[in-house]
Structures are given as structure tokens and as C-alpha cells.
Amino acid sequence: MRLALEEARRAGTDVPVGAVVLAPDGTTVLAGGHNEREATGDPTAHAEVLAIRRAAARLGEWRLAGCTLVVTLEPCTMCAGALVQSRVDRVVYGARDEKAGAAGSLWDVVRDRRLNHRPEVIEGVLADECARLLTDFFRDR
């Protein structure tokens, strides 16, 4: 989660959310990303989507079986869908997103029994630190 927080701090004018994808060994970082919506004008440039794209490119494979995505904020519905579609085995997140979260708070897309893949979810890792980064960003705006 510390690496994801480092990614979040690189977001510049974007909402400070960071993500890293870990290889199946649980320690090797395949890719990272931070929100780049403002920087690129791309509404899909969320930290999770960018990290997933980069990890898949590095592996040369769209299936990220065995991999873990670590992200500072609970994934939204788009990112939760990307997690399911990429076959990530687990998602670890810091702060809950009561307004748009789709991994247990507002929705639970990633664990919907109707889907063919359901990653494990671990929530609340360094939650206070992750939430503080977001609170400070929005307070300063």
C-alpha cells in the first residue's frame, strides 16, 4: 500500500489515487498507475485501469490470474469491472468510497455471484493515511 500511496502522490492536479499490480509471488511489482484524467483528458484514466493495462502489457497477456491490485481508494464500478474482466485474484484497498465504491460499500460488483470471476477483497489497509491524502486534496481545492 505504501507503493500505491507513492503513486497517488504523483497525481498532480488529478485526484490522488494510486494503484500497483503485484505478480503472483505477491512481492514483484508488475506496474503502477495514478489518476491521469485531468492530465490526459481521458475519463477512463483511473489509477486501477492504468495499472491493469500496464501489467497486462508487461506480461503480454490480458489475464492477470494470480495477481493482486493494491489501490488507495475503493474501486468505482468501471474499475471493479476491469478487475473482474482482467481476472485479478485479489484487490486490496485503503479508503472506502461511500459515494462511488463498487467493492463493498455502495455496490459490490467484484463479488457479485452472477459474474464468472470474483476476486478476493481486502479492505482498510492504511485506510486513515489513504483517506487523509484525499481529504487534504479536496480541502485545498
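Worth saying up front: this structure is predicted, and the values here are computed from it rather than measured.

Quick notes on the overall build of the protein chain
Then comes step 1: Looking only at helices and strands, one finds five helices and five strands in the protein chain.
Then comes step 2: Helices (α) and strands (β) of the protein chain occur, in sequence order from the N terminus, as α-β-β-α-α-β-α-β-β-α.
Then comes step 3: By the compact-globule yardstick of 14 Å for 141 residues, the protein chain fits well, its C-alpha radius of gyration being 14 Å.
Then comes step 4: When its C-alpha atoms are laid out on the principal axes, the protein chain stretches across 40 × 30 × 30 Å.
Then comes step 5: A fraction of 56% describes how many contacts in the protein chain between residues 6 or more apart in sequence connect residues 24 or more apart.

A look at the UniProt feature "active site" (unreviewed entry) in the protein chain
Then comes step 1: Here the UniProt feature "active site" (unreviewed entry) sits at Glu48.
Then comes step 2: Non-local contacts of Glu48, meaning those with residues more than four positions away in its chain, are made with Ala19, Leu69, Val71, Leu73, Pro75 and Cys79.

Comments concerning the environment of Glu38
Then comes step 1: Its place among the elements puts Glu38 in helix α2 (residues 37–40).
Then comes step 2: Separated by 14 residues in the primary sequence, Glu38 and Pro24 place their C-alpha atoms 32 Å from one another.
Then comes step 3: If we skip the residues at most four places from it in the chain, Glu38 touches Thr13 and Asp14.

A look at helix α4 (residues 77–85)
Residues that lie three or four places apart on an α-helix share one face, since the helix turns once every 3.6 residues.
Then comes step 1: Taken together, the buried positions of α4 are Cys79, Ala80, Leu83 and Val84. Down the axis of α4, the sector holding all buried residues measures 145 degrees, keeping them to one side.
Then comes step 2: Where α4 is buried, its residues contact α3 (47–59), β3 (68–73) and β4 (90–95).
Then comes step 3: In the segment just after α4, Arg87 is the residue with positive phi, at about 65 degrees.

Considerations on α3
Then comes step 1: When the terminal C-alpha atoms of α3 are compared, their 18 Å separation across 13 residues agrees well with the 18 Å that a helix rising 1.5 Å per residue should span.
Then comes step 2: The set of residues buried in α3 consists of Ala47, Glu48, Val49, Leu50, Ala51, Ile52, Ala55 and Ala56.
Then comes step 3: Those residues of α3 that are buried lie in contact with β1 (18–22), β2 (29–34), β3 and α4.
Then comes step 4: Just beyond α3, the residue with positive phi is Gly60, at close to 70 degrees.

About the thresholds
All residue numbers here refer to positions counted from 1 along the written sequence of the relevant chain. In keeping with the model being predicted, local features are shown solely for residues with a pLDDT of at least 70 and side-chain atom pairs are shown and tallied solely at 80 or more, while totals for entire chains, interfaces and linings include all residues. To get the side-chain values, all heavy atoms of the structure are used, and hydrogens and water are removed first. Only runs of H or I of at least four residues qualify as helices and only runs of E of at least two qualify as strands under DSSP, and these elements are numbered from the N terminus. Here the radius of gyration uses the C-alpha set of atoms, whereas the globule reference equals 2.2 Å times the residue count to the power 0.38. By definition, residues are in contact when any of their heavy atoms lie within 4.5 Å. UniProt positions are given in the numbering used here, feature names are shortened, and annotations may be inferred rather than shown by experiment. Think of it in three bands: with a 1.4 Å probe and only protein chains considered, a residue is buried below 20% of the maximum accessible area for its type, exposed above 50%, and partly exposed in between. Arc definition: directions from the helix axis to the C-beta atoms. Every helix has an expected span of 1.5 Å times one less than the residues it contains.

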